[in-house]
Amino acid sequence: MKIIFMGTPDFSVPTLDAIKKDGNEIVLVVTQPDKKKGRKGILTPPPVKEWAVKNNISIFQPVKLREKQNIEELEKYEADVIVVAAFGQILPKEVLDMPKYGCINVHASLLPKYRGASPIQWAILNGDDETGVTTMQMGVGLDDGDILLQKKVPISSEDTGGSLFDKLSKVGADLLVETLHRIEKNDIVRIPQDDEKATHVGLIKKDFGILSFDEENKYILNKIRALNPWPSAFTFYKDKMVKIWKAKSVSFNNKGYEYGDLVVENKDELLVVTRNGAISILELQEEGKKRIKAADFLRGHKIEKGDKFISK
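Reading the values: rules and limits
- Residues numbered from 1 in each chain as written.
- Predicted model: local features only at pLDDT ≥ 70, side-chain atom pairs only at ≥ 80, totals over all residues.
- Heavy atoms only, no water.
- 1 Å grid on protein atoms, 1.4 Å probe; cavity = no way out; pocket = protein on both sides within 12 Å on 5 of 7 lines; lining within 4 Å.
- Points joined across faces, edges and corners; volume = space filled by probe spheres on them.
- Helix = DSSP H or I, 4+ residues; strand = E, 2+ residues; numbered from the N terminus.
- Nonpolar A, V, L, I, M, F, W, Y, C, P; charged D, E, K, R; others polar.
- Buried < 20%, exposed > 50% of the residue type's maximum accessible area, 1.4 Å probe, protein only.
- Pairing = 2+ DSSP bridges.
- Arc of directions from axis to C-beta.
- Contact = heavy atoms within 4.5 Å.
- Phe/Tyr/Trp six-rings, centres within 6.5 Å; stacked < 30°, edge-to-face > 60°.

Chemist: Looking at this structure, I do not really get the layout of surface pockets. What am I missing?
Modeler: Vacant regions in the atomic arrangement are exposed by a probe of water-molecule size rolled over the atoms. If you add up the space inside the largest pocket, you get close to 1600 Å³. Taken together, 49 residues line the largest pocket, and the ones lying closest to its centre are P9, A86, G88, A117 and L203. When contributions to the lining of the largest pocket are tallied by element, the ones reaching two or more residues are β3 (35–37), β7 (103–107), α5 (119–125) and α6 (161–184). If you tally residues by element for the lining of the largest pocket, the top one is α6, at four residues. Broken down by class, the residue content of the lining of the largest pocket amounts to 27 nonpolar, 15 polar and seven charged. Of the pockets and cavities examined, the second largest pocket occupies roughly 380 Å³. Taken together, 21 residues form the lining of the second largest pocket, with S157, E158, L221, R225 and A247 sitting closest to its centre. Among the elements of the structure, α5, α7 (217–226) and β13 (240–250) are those that each provide at least two residues to the lining of the second largest pocket. Its residues assigned to classes, the lining of the second largest pocket shows seven nonpolar, seven polar and seven charged.

Chemist: What is the right way to read the pairing of strand β16 (residues 277–286) from this model?
Modeler: Within β16, eight of the 10 residues are buried, leaving the element largely enclosed by the surrounding structure. With eight bridges joining them, β13 and β16 adopt antiparallel strand pairing. Pairing of K246 across the sheet is with E283, part of β16. Where strand β15 (residues 269–274) lies against β16, five bridges are found, and the strand directions are antiparallel. Bridge assignment links V273 to a residue of β16, and that residue is A278. Connecting β15 to the antiparallel partner β16 that follows it, the hairpin turn spans two residues. The pairing of β16 with strand β17 (residues 291–293) spans three bridges and is antiparallel. In the strand pairing of β17, L284 is matched with I292. Where β16 folds back onto β17 in an antiparallel hairpin, the turn is made up of four residues, including G288, whose phi is positive at roughly 80 degrees.

Chemist: Would you mind showing me how to read helix α3 (residues 68–75) here?
Modeler: Since the α-helix advances by 3.6 residues per turn, residues separated by three or four positions end up pointing in the same direction. All of the buried residues in α3 are N70, I71 and L74. Within α3, the buried residues cover an arc of 100 degrees as seen down the axis, which keeps them to one side. Where α3 is buried, its residues meet β1 (2–7), β2 (25–30), β5 (59–60) and α4 (93–96).

Chemist: Could you clarify how one ought to interpret the side chain of N222 in this entry?
Modeler: The residue N222 is located in helix α7 in this model. The buried category is assigned to N222, whose relative accessible area is 8%. The contacts of N222, once residues within four sequence positions are left out, are I124, L125, N126 and G127.

Chemist: Where do I start with the packing of aromatic side chains in this structure?
Modeler: In this description, an aromatic ring pair is defined by two values, namely the gap between the centres and the angle between the planes. Taken as a whole, this structure holds seven aromatic pairs when the rule is applied. Between F11 and F165, the aromatic rings sit 5.6 Å apart at their centres with planes inclined by 70 degrees, giving edge-to-face as the arrangement. Here F11 is found in the loop between β1 and α1 (13–21), whereas its partner F165 is found in helix α6, with 154 residues between them in sequence. On the basis of relative accessibility, which here comes to 22%, the residue F165 falls in the partly exposed class. An angle of 55 degrees between the planes, with centres 5.3 Å apart, marks the rings of F252 and Y257 as tilted. When its relative accessible area of 16% is taken as the criterion, F252 is described as buried. Ring pairs connect the aromatic residues F213, Y237, F297 and F309, which therefore count as one cluster.

So, in structure tokens, the structure goes:
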């Protein structure tokens, strides 16, 4: 098949690899414009662009895909299908109708659950036992097109947003190749989504990562896992931001304590008081410093009664 691929982050790259290895012709890679990153504001290409450069494939980076001249540019490639995996822009109807087989999206959830921009994080935030990948025939709405194929993936108690991202990107790559084969053979049944069962999840922003210790342990721990590695779950200690990378639930009688109070029961364990007990911090990172174990943090700080992790 002649394929135009649209995608931007790391999630998209395994699908690109799989398409190429399967012998398809990727005639164009469409991705978001380069963005400034880090404190120095260095202009950085998205992972999909880096892949395309290494594989000598033409690249197109429109700021707004729906503009007339950009749609006309896509028409020049006469693609059989457009494959979309975490591209980051809404496709106009002119593009959806352009290829012979339309536009196929690789979405990291079991649609209609978790339509939108952050399905991986919300599956962990909500304590789901499983998630998965859906290949979908794209329509004009947000993730509401017909389901083509789905593959379930269990969520372990140790999964983070990052580890689940990696799992689903690999599953999505294989599922997309299977989808393309079956579309060519006219051997696929399109299943309309049940809109009444749909849930929508928006883009997660950095300030969503702030922790409130008046929540229950399960929610706090799910949030820490879901937002690892980005934007990370964080709190403040003596006016400095502290990222919490790993923690566990512990039994603790919190009577007489306030939410967020720090408790040291032995030299290696840092507890934070919560609504239904406490969590034990395993790994954390102070602003401007490296990620460390709780024991190392305690060696560098004398925790006194009344010290707290707080939300700002």
